[in-house]
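Here's the letter readout for the chains.
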Amino acid sequence: MHRSAIRPSPVFLGLLAATLAGALLLAVDAPFDTHQLGERTAIDFGSRNVLGTIGVVLLVLGGWAVSLTLHEFGHAVVAYRGGDRAVAAKGYLTLDIRHYTDPVFSMVLPLLLLAIGGIPLPGGAVWINRGALRTRGVASAVSLAGPLSNLAVGVVLIALVAAAPLPAGLLIGLSYLAMVQVLAFVLNILPVPGLDGYGALEPYLSPRARELGMKARPWAPLALFAVIIGFPYAGEAFWTLSTTVYGLLGGDVQMAGAGFSAFMFWRS
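In this text the structure is predicted, and so the values were computed from the model without any measurement. (Residues numbered from 1 in each chain as written. Predicted model: local features only at pLDDT ≥ 70, side-chain atom pairs only at ≥ 80, totals over all residues. Heavy atoms only, no water.)

1. Section: the packing of aromatic side chains
Spelled out, the test is: Pairing of aromatic rings covers Phe, Tyr and Trp, the last through its six-membered ring, and needs centres within 6.5 Å; plane angles under 30 degrees mean stacked, over 60 mean edge-to-face, and all others mean tilted. When a residue's accessible area, from a 1.4 Å probe over protein chains only, is under 20% of the maximum for its type it is buried; when over 50% it is exposed; and in between it is partly exposed.
Counting across every chain of the model gives four aromatic pairs. Here the aromatic rings of Phe238 and Trp239 are separated by 6.3 Å at their centres, their planes lie at 75 degrees, and the arrangement is edge-to-face. Residue classification places Phe238 among the buried positions, given a relative accessible area of 6%. When its relative accessible area of 27% is taken as the criterion, Trp239 is described as partly exposed. Where Trp239 meets Phe260, the ring centres are 6.4 Å apart and the plane angle is 70 degrees; that geometry is what we call edge-to-face.

2. Structural notes on a nonpolar patch on the surface
Going by this rule: Think of a patch as exposed residues, more than 30% relative accessible area, with no salt bridge, where like charges cluster within 9 Å and nonpolar side chains (Val, Leu, Ile, Met, Phe, Trp, Tyr) cluster within 5 Å. Accessible areas in this description were obtained via Shrake-Rupley with a 1.4 Å probe; residue shielding takes into account the shown protein chains only. Salt bridges are defined by distance alone: a side-chain nitrogen of Lys or Arg within 4 Å of a carboxyl oxygen of Asp or Glu. A run of H or I in DSSP becomes a helix once it reaches four residues, and a run of E becomes a strand once it reaches two; helices and strands are each numbered from the N terminus.
On the surface, Val50, Leu51, Ile54 and Leu58 cluster together to form a nonpolar patch covering roughly 330 Å² of accessible area. Considering the arrangement of structural elements, one finds Ile54 in helix H3 (residues 50-82).

3. Structural notes on unusual backbone geometry
Positive phi is not limited to glycine here, since Leu95 has a value of about 60 degrees. Within the secondary structure, Leu95 sits in the loop between helix H4 (86-89) and helix H5 (103-117).

4. Thoughts on helix H12 (residues 253-263)
To be explicit about the condition: Relevant arc is that of directions from the helix axis to the C-beta atoms, nothing else. Within 3.5 Å is the distance limit for a polar contact, defined as a pair of N or O atoms, with the added protein rule that one can donate a hydrogen and the other accept it, and that residues adjacent in sequence qualify only through two side-chain atoms.
Among the residues making up H12, those that are buried are Met255, Ala256, Ala258, Gly259, Ala262 and Phe263. The buried residues of H12 occupy an angular sector of 155 degrees when projected down its axis, which confines them to one face. Measuring from the backbone nitrogen of Gln254 back to the side-chain oxygen at the start of H12 gives 2.9 Å, which picks out Asp252 as the cap.

5. Notes on the nonpolar core
Defined as follows: Buried Ala, Val, Leu, Ile, Met, Phe, Trp, Tyr and Cys residues form a nonpolar core when they are joined through side-chain atoms within 4.5 Å.
Counting residues in each nonpolar core, the largest one holds 62 residues, and the members touching the most others are Leu59, Val87, Leu93, Ile128, Leu170, Leu174 and Tyr246. Per-element accounting of this core gives the leading share, 15 residues, to helix H7 (residues 168-188).

So, in structure tokens, the structure goes:
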């Protein structure tokens, strides 16, 4: 692949800068020590420290927007390597989230739902010419590349939290951002039409099954999201699965919970 095909856009760099600004606020304005982390710390962090709260919100929303971009870029770069060279002309390799379908559904709606409900709804999509892909294995890899990018970001953040002596505010912010990545991975990997887990299986399904999946694709993810939000047992099962995966990866669930409370400051 020609390196010139990949050109990080100013929009992506701006999102990255906003994320780093949030991290910087948490690094320089941290009234709590690591050993104080807990439920009380999370509430105090949200109610007593305005700059810290702004830092958490910037870090999580900015980081989620960056990961949305990397998710779709992952689909595109694997498709490009697998035979669909048209993704370059569509701007998918520029890391510009505006190219990933409608900006409202690609970025604004996922960010809003994350801010309101704490669940990272899948965002945009890249339109891949499946007929140009060399094999069914490549087609599956294109679908898996998105959620695996979320998983990779989550693992890097978990490792950073575990290895670096960071201020408490930054620890809980990064922990929650890592948890968001794991949530996105678990949600996207489900074999539901319209999600990437189903996309990985689709090349191996019968024509009839693919036709049914195509009909369900527009509404199935939103229906799943409604079930997770509206039915307590379904939501509990989803959170239990996600936190289990997070813990298996080495994440600290307590710190992620503190970050969640700081991010959802209006609930404190």
